Amino acid sequence: QVQLVESGGGFVRPGGSLRLSCVASRTFFGINVMAWYRQAPGKQRELVAQITSGGNTNYTGSVKGRFTISRDSAKNTVLLQMTSLKPEDTAVYYCNADITVRLGYHYAFWGQGTQVTVSS
């Protein structure tokens, strides 16, 4: 019922920047929280950043000061602006959205993932 379409991944040199986008095909009664996770080979999936419907943001410590999460409610979109990228940021990045699909019920949806590779 809900598709999260991600874009913006790719290859970038250390110190470079990328901007990830995630668009929800449906919002039903609203998107409560949107977030970005990432998973590197051999590692567990980790939360990178999240933003609430009220605009409150949280970041994992390793990306603070370098990444910025934002949302465009009119376009059902969450963005992740990544700057000063490091090789350690290389991972598959996944969009997540907590959506109220009907009154009294909300569910977390996941995107398919987009590859980010930081290398010289």
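Everything here concerns the structure above.
1. Regarding the overall build of the protein
In terms of helices and strands, the protein carries zero helices and eleven strands. Principal axes of the C-alpha set define a box for the protein whose edges measure 50 × 25 × 25 Å. Each of the 120 residues in the protein was classed as buried or not, and the buried ones make up 39%. Here the protein has roughly 6400 Å² of accessible surface; of this, 48% comes from carbon and sulfur atoms. With 12 positive and 6 negative side-chain charges, the protein shows a spacing of 2 Å between the two charge centroids.

2. Describing the nonpolar core
Grouped burial of nonpolar side chains is what soluble globular proteins tend to show. Counting 30 residues, the largest nonpolar core has Trp36, Leu80, Met82 and Tyr93 as its most contacted members. Contributing elements (two or more residues each) for this core: strand 3 (18-24), strand 4 (31-39), strand 5 (46-52), strand 7 (67-72), strand 8 (77-82), strand 9 (91-102) and strand 11 (114-118). Once residues within four sequence positions are removed from consideration, Tyr93 is found in contact with Glu6, Leu20, Trp36, Tyr37, Arg38, Val48, Phe67, Leu80, Met82, Gly113, Thr114 and Val116.

3. Focus on the packing of aromatic side chains
In the structure shown here, the tally under the stated rule is two aromatic pairs. It is Arg45 that lies over the ring of Tyr94; its NZ or CZ is 3.7 Å from the centre. One residue, Arg45, lies across the ring of Trp110, its end atom 4.9 Å from the ring centre.

What counts, and at which threshold
Residues numbered from 1 in each chain as written. Predicted model: local features only at pLDDT ≥ 70, side-chain atom pairs only at ≥ 80, totals over all residues. Heavy atoms only, no water. Helix = DSSP H or I, 4+ residues; strand = E, 2+ residues; numbered from the N terminus. Buried < 20%, exposed > 50% of the residue type's maximum accessible area, 1.4 Å probe, protein only. Areas by Shrake-Rupley, 256 points an atom, 1.4 Å probe, with all protein chains shown as cover. Lys, Arg positive; Asp, Glu negative; His and termini not counted. Charge placed at Lys NZ, Arg CZ, Asp CG, Glu CD. Core = buried A, V, L, I, M, F, W, Y, C linked by side-chain atoms within 4.5 Å. Contact = heavy atoms within 4.5 Å. Phe/Tyr/Trp six-rings, centres within 6.5 Å; stacked < 30°, edge-to-face > 60°. Lys NZ or Arg CZ within 6 Å of the ring centre and 35° of its normal.

Shape descriptors only; they carry no functional weight alone.
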